[in-house]
Amino acid sequence: MIAHAVVFYIFSLIAIVSAIMVTVSRNTVHSVFFLILDFISISCLFIMIGAEFLGMIMLIVYVGAVAVLFLFVVMMLNVAQQKNEWFVASDSSSHIPIGLLVSLVIFSELLIVIGGWKYKAELQDSININLNLNLTNTQSLGSVIYTDYVHLFQLSGMVLLVAMIGAIVLTFRKRSGVKTQSYLRQISRERNEGVELIDVETKKGVKIDA
Amino acid sequence: MPEYASILFSEVLKILMLLVPVLVSVAMIVWLDRRVWAFVQKRRGPNVVGPFGLLQSLADALKYIFKEIIIPASSNKVIFILAPIITMTLALISWAVIPFSEDFVLADINVGILYLFAVSSLGVYGIIMGGWASNSKYPFLGAIRSAAQMVSYEVSIGIIIINVLLCVGSLNLSDIVKAQESIWYIIPLFPMFVIFFISALAETNRPPFDLPEAEAELVAGYQTEYSGMMYAMFWLGEYANILLMCALGSILFLGGWLSPINIFPFNVIPSPMWLILKILLLFILFALVKAIVPRYRYDQLMRLGWKVFLPLSLTWVVLTAGYLMYFDLLPGN
């Protein structure tokens, strides 16, 4: 039990410290790396409370996919130049009230969530899911998601799909004059389309219409 | 406290018993790779150091250890040093869940296959970090290429794994092997095996998909600025990942530790031996592909991943699920 507690405190310490470092560190790329460390330690905490499926999915989705995209975007930015514009420019003080407002909203949301924590027992009673404790949590999660909550599950899938297609539609533009390879055209081309035999008269040459 | 110490000691011993053979076989596999490559091209390959050149990798490793580690002045030093360490560590920790026989597995966890998938999706960080921290153009381009490539092919590998999981009904690797006692999944899911093999080539940055280190365009890709032991760690991690992909392929499709037929001369051979033989078979295929196939162009690589493999494997998921549902073969019923 002691070992369990020690490991728990180590992971939560790493999670909290790296969460602080995300906001504190000056280099944006370092921030993303601390965010990744935060995700990893949170998923370790998930595994420690026995939710191994959630922990692994968290690793695969957030660390393996989402954070890679974050990193892509951040690495493309010119960090030094951006730093100058944000922190050194004369109007940098205008960001502070907005930042304070956002953090106030998040703080009050957290208060509400933590305040609601003491109704946890009643909340659990009001949810009528029958959990079979003999199953692994992958199986029990599946048996709940795909039966009682199948519509919500499908709906959230649709929301993600719409967001994905929306992003593609917004950024897609048809450009003219771009040479792309069409495999179908390449393969279906025949000899008489590509090659033409011309009798060239001496000292006259031939005119090729391009 | 002594009981904690004894638990710790026995666990560390178990881990060493697994890791030392893995590291030795990584060194041997590099030799095998070069030999196969040489034989296809009618060369001799490394044959000087030791019998048949078996100690060549050892000699190479010694050379790497005694070379100076050069850290570029303009690099981001912490991340530069972390990158090979992460690559190597991630390549080694995934071996914890590989079952070598029914009771010979370090960690027999419920979500073994998800663990493997998660760890292999983390593998991309070693490369991105190395490429970015080098603060140089070729490594950065190589890292970006590699990250895009690995993320793309992971999608198709994930969907192929779903195909197998539909037939097994469990995420545990030992259960996946046990489910193949009647028939290996390579027979009903043969197209998926082919796609898995090609995706594994792309995922481990092997030729013909070695765009991240395409020497004609990018010098050595993300490894350009690395030297000495740090380069060797990238290289060890890469080969450990290749071996891991071969192990995953043999567990998912070739029946893991099971012998092909359960009759006298075959079932005497211990089960870890079968897994090792299957890994070797897949690895020789990897090495042959390296020798005989020219490198892909980058847009063709992306097209293959997203426009060919992804729809094909998704369709196959629907087919497998429909088949299992119609004939009432779904596991767990």
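Residues numbered from 1 in each chain as written. Chains lettered and ligands numbered in written order. Predicted model: local features only at pLDDT ≥ 70, side-chain atom pairs only at ≥ 80, totals over all residues. Heavy atoms only, no water.

A few words on the overall build of chain A. When its secondary structure is counted, chain A shows ten helices and zero strands. Across chain A, helices and strands are ordered from the amino to the carboxyl terminus as α-α-α-α-α-α-α-α-α-α. A burial count over chain A gives 17% of its 210 residues as buried. The contacts in chain A between residues at least 6 apart in sequence include a share of 50% that link residues at least 24 apart. For chain A, the accessible surface area stands at approximately 17,200 Å², while carbon and sulfur atoms represent 68% of it. (Helix = DSSP H or I, 4+ residues; strand = E, 2+ residues; numbered from the N terminus. Buried < 20%, exposed > 50% of the residue type's maximum accessible area, 1.4 Å probe, protein only. Contact = heavy atoms within 4.5 Å. Areas by Shrake-Rupley, 256 points an atom, 1.4 Å probe, with all protein chains shown as cover.)

On to the overall build of chain B. A count of helices and strands for chain B gives twelve helices and zero strands. N-terminal to C-terminal, the α/β element order of chain B is α-α-α-α-α-α-α-α-α-α-α-α. For chain B, whose C-alpha radius of gyration is 21 Å, the value lies close to the compact-globule estimate of 20 Å for 333 residues. Taking the principal axes of its C-alpha atoms as reference, chain B extends roughly 65 × 55 × 50 Å. Residues classed as buried in chain B amount to 52% of the 333 residues present. A total of about 15,500 Å² of accessible surface is found on chain B, and carbon and sulfur atoms cover 71% of it. Taking the 19 positively charged and 20 negatively charged side chains of chain B as two groups, their mean positions are separated by 13 Å. (Rg over C-alpha atoms; globule rule 2.2 N^0.38 Å. Lys, Arg positive; Asp, Glu negative; His and termini not counted. Charge placed at Lys NZ, Arg CZ, Asp CG, Glu CD.)

A separate point is the pattern of salt bridges. All told, the structure shown has seven salt bridges over all chains when counted by the stated rule. Two residues, A:Lys204 and A:Glu201, come together in a salt bridge whose shortest N-O distance is 3.6 Å. As far as burial versus exposure is concerned, A:Lys204 and A:Glu201 are alike and both exposed. Measuring nitrogen to oxygen at the nearest pair gives 3.2 Å for the salt bridge that ties B:Arg34 to B:Asp60. Note that B:Arg34 is positioned in helix α1 (residues 2-40) and B:Asp60 in helix α2 (residues 56-66), a separation of 26 residues in sequence. Take B:Asp60: its relative accessible area is 16%, and that puts it in the buried class. Residues joined by salt bridges that share partners form a network here, namely B:Asp33, B:Arg206 and B:Lys290. (Salt bridge = Lys/Arg side-chain N within 4 Å of Asp/Glu carboxyl O.)

Take the packing of helix α7 (residues 190-203) of chain B against helix α11 (residues 271-292) of chain B next. All names here are of chain B. Running from N to C, α7 and α11 point in directions that differ by 65°, and their axes come no closer than 11 Å. Of the two elements, α7 crosses α11, and the hand of that crossing is right-handed. Along the contact surface, α7 presents Phe193, Phe197, Ala200 and Leu201, while α11 presents Leu282, Leu285, Phe286 and Val289. For the contact of α7 with α11, a count of residues per class yields eight nonpolar, no polar and no charged. (Axes fitted to C-alpha atoms, helices over the stretch in contact; angles between N-to-C directions. Left-handed = near helix turned anticlockwise from the far one by under 90°. Nonpolar A, V, L, I, M, F, W, Y, C, P; charged D, E, K, R; others polar.)

A few words on unusual backbone geometry. With an omega of 5°, the peptide bond running from B:Pro207 to B:Pro208 counts as cis. Along the chain, the position of B:Pro208 falls in the loop between α7 and α8 (215-218). You will see that A:Lys203, though not glycine, has its phi angle at about 60°, which is positive. Topologically, A:Lys203 is positioned in the segment after α10 (191-194).

Listed by partner, the interface residues are 26 residues for chain B and 26 residues for chain A. Roughly 2,200 Å² is buried in total at the junction of chain B and chain A, and carbon and sulfur atoms are behind 76% of that figure. When residues of chain B are sorted by the area they lose upon contact with chain A, B:Leu114, B:Tyr125 and B:Trp132 head the list and together hold 23% of the total. Remark: the boundary between chain B and chain A carries five residue pairs in polar contact (both at pLDDT 80 or more). For the side of chain B that touches chain A, the elements supplying multiple residues, two or more each, are α4 (112-133), α5 (137-168) and α12 (298-326) of chain B. It is α4(B) that provides the largest number of residues to the side of chain B that touches chain A, a total of eleven residues. Split by residue class, the side of chain B that touches chain A holds 19 nonpolar, four polar and three charged. (Buried area = accessible area lost by both parts, 1.4 Å probe. Polar contact = N/O pair within 3.5 Å; in protein donor to acceptor, adjacent residues only side chain to side chain.)

Turning our eyes to something else, we now look at α7(B). Because an α-helix packs 3.6 residues into every turn, residues spaced three or four apart end up facing the same way. All names here are of chain B. Helix length check: α7 (14 residues) gives 20 Å between terminal C-alpha atoms against 20 Å at 1.5 Å per residue, within 8%. Of all the 14 residues making up α7, ten are buried; the element is thus mostly covered by neighbouring parts of the structure. For α7, every residue scored as buried is listed here: Met192, Phe193, Ile195, Phe196, Phe197, Ser199, Ala200, Leu201, Ala202 and Glu203. After α7 finishes, the residue Asn205 shows a positive phi value of roughly 55°. (Expected span 1.5 Å × (residues − 1).)

This paragraph deals with the confidence of the model for chain B. When pLDDT is averaged along chain B, the result is 86, and 98% of the positions lie at 70 or above. No element of chain B has a lower mean pLDDT than α8(B), at 70, and none a higher one than α7(B), at 91. (pLDDT = per-residue confidence, 0-100.)

Turning next to the environment of B:Met230. Residue and element names in this part refer to chain B. Inspection of the secondary structure puts Met230 in helix α9 (residues 228-252). For Met230 and Ile85, which are 145 residues apart along the polypeptide, the C-alpha to C-alpha distance reads 8.0 Å. If we skip the residues at most four places from it in the chain, Met230 touches Ile69, Phe80, Ile81 and Pro84.

Looking at chain A, the domain boundaries give domain 1 (1-82) and domain 2 (136-171). Taking only C-alpha atoms into account, the centre of domain 1 of chain A sits 24 Å from that of domain 2 of chain A. (Domains from an automatic or database assignment.)

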